[in-house]
Amino acid sequence: MAMLLQLGDTTGPAAFALAFLSPLALATAVLNGGVMAAICSTKKLHVPANYLICSLAFTDFLVAALVMPPAALYVASGAWRLGGAACEAWLSVDMTCCTCSILHLCAIALDRYWAVTKATAEYARRKSARRVALMIAVAWLVSVFISLPPLFWRRRGGRAAVAVDDGGDEGRCVIRHDHVGYTVYSTLGAFYVPMAVILVLYRSIYRAARTLYQKRGSSSRNLGSQSYMDRCRGQQPPRPQPPRAFCVSDAGLTTVDTLRAGVRSVSDGELTEGRSQQGGASRRESKAAGILGLILGAFVLCWLPFFLKELLVGLRLAQPSPRVSDVLAWLGYANSLVNPLLYTSFNDDYKRAFRKLLRRKAHA
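From a predicted model like this one, the values you see are computed outputs, not experimental measurements.

Parameters and conventions
- Residues numbered from 1 in each chain as written.
- Predicted model: local features only at pLDDT ≥ 70, side-chain atom pairs only at ≥ 80, totals over all residues.
- Heavy atoms only, no water.
- Salt bridge = Lys/Arg side-chain N within 4 Å of Asp/Glu carboxyl O.
- Buried < 20%, exposed > 50% of the residue type's maximum accessible area, 1.4 Å probe, protein only.
- Helix = DSSP H or I, 4+ residues; strand = E, 2+ residues; numbered from the N terminus.
- Axes fitted to C-alpha atoms, helices over the stretch in contact; angles between N-to-C directions.
- Parallel < 35°, antiparallel > 145°, perpendicular 65-115°, else oblique.
- Left-handed = near helix turned anticlockwise from the far one by under 90°.
- Contact = heavy atoms within 4.5 Å.
- Polar contact = N/O pair within 3.5 Å; in protein donor to acceptor, adjacent residues only side chain to side chain.

Undergrad: How should the pattern of salt bridges be read in this particular structure?
TA: Scanning the entire structure with this criterion turns up five salt bridges. Across the pair Glu310 and Lys309 runs a salt bridge whose closest N-O atoms are separated by 2.6 Å. An identical accessibility class is assigned to Glu310 and Lys309; each is buried. A salt bridge links Arg352 to Asp349, with the shortest nitrogen-to-oxygen separation between them at 2.5 Å. Here the residue Arg352 and the residue Asp349 both occupy positions in helix 13 (residues 348-363), the gap between them amounting to three residues, near one helical turn. Judged by its relative accessible area of 16%, Asp349 is buried.

Next comes the structure, spelled out in structure tokens:
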């Protein structure tokens, strides 16, 4: 109650911040909840690669439900007024869920890399539900190990790893940067190493796709469009088997319809040749580059400023103001809003599932 009373006295900018940040948290929860509902209610989406998308949506939903609301109150009031225990819990959940979201992006990139570079039988074996569950478990386990050390330090009776002050207008709830080793360890594990892995994997994915587009005319001459689409859907094609293909529709990078557009019209079992084929390959190559650029650009834009600030503060090279820190933190939270848009917008199966959900809601 005291918290609500003090919020009523917030200044104009603080009230504006609360009015802006609260809808942002709500939109993040609704979008990620919609992705989970679409996957759970649509049998066609029940494939292992989509389990990673669903787990990512669940993690981002936790960010929206457990991390963003207290952060919005913190920004609006200008001080932490929920107590020390709530501060510790909030910071732990914040670090765990945000790190896990980033590691999910790394796992999705790895799954897409396997989808592009591995043979059909080998990829089908790798993308089993058990392997996906293992990837998800590892993501959560690593996230917990990154977020727990500050709490252990505090429990040992040393100086608190979190700064909490319940009184006055200067109350703060932040991770202390007294342990340089932990700062380096946490930023490397939570962002810089995953970012490097994601960049390398998506670079390899794009190179594999470009090679496929350039060689498709010669290597796919006897490939019918139906057997090609069956391969992309994970079905066993009729013999003779086609060469490796850029079939990542299950992983959400592109859609079966997009891939179908990449296959030239078939006449008497052969693909059409000519200048139009070269132009089509160039367009498909540009589209693949554009999609990958959106995914990588959104990830780096949202999280790099925050983790760069964390590293510089930990190394005593910078001391940004609380407002700057808040802006950078919310820029990172915004990645949880962007993820469901980027990882489902290019897949027609998801679009149909969303339309079906909206129709059900309208009828209800």
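Here the narrative resumes, following the displayed structure.
Undergrad: Looking at this structure, I do not really get the packing of helix 3 (residues 48-77) against helix 6 (residues 129-147). What am I missing?
TA: To describe two helices that pack against each other, one gives the angle between their axes and the distance between the axes. One can describe the packing of helix 3 onto helix 6 by two numbers: an axis separation of 9 Å at closest approach and a directional angle of 25°. It follows that helix 3 is roughly parallel to helix 6 by the angle criterion. Along this stretch, helix 3 crosses helix 6, giving a crossing that reads as right-handed. Residues Pro48, Tyr51, Leu52, Ser55, Phe58, Thr59 and Leu62 of helix 3 lie in contact with helix 6, whose contacting residues are Ala129, Val132, Met135, Ile136 and Trp140.

Undergrad: Where do I start with the side chain of His104 in this structure?
TA: You can see His104 is positioned in helix 4 (residues 84-117). Judged by relative accessible area, His104 falls into the buried class, the value being 1%. Here Cys100 takes part through its backbone oxygen, which lies 2.8 Å from a polar atom of the side chain of His104. Here His104 is in contact with Leu52, Ser55, Leu56, Thr59, Ile136, Ala139 and Trp140, once residues within four sequence places are set aside.

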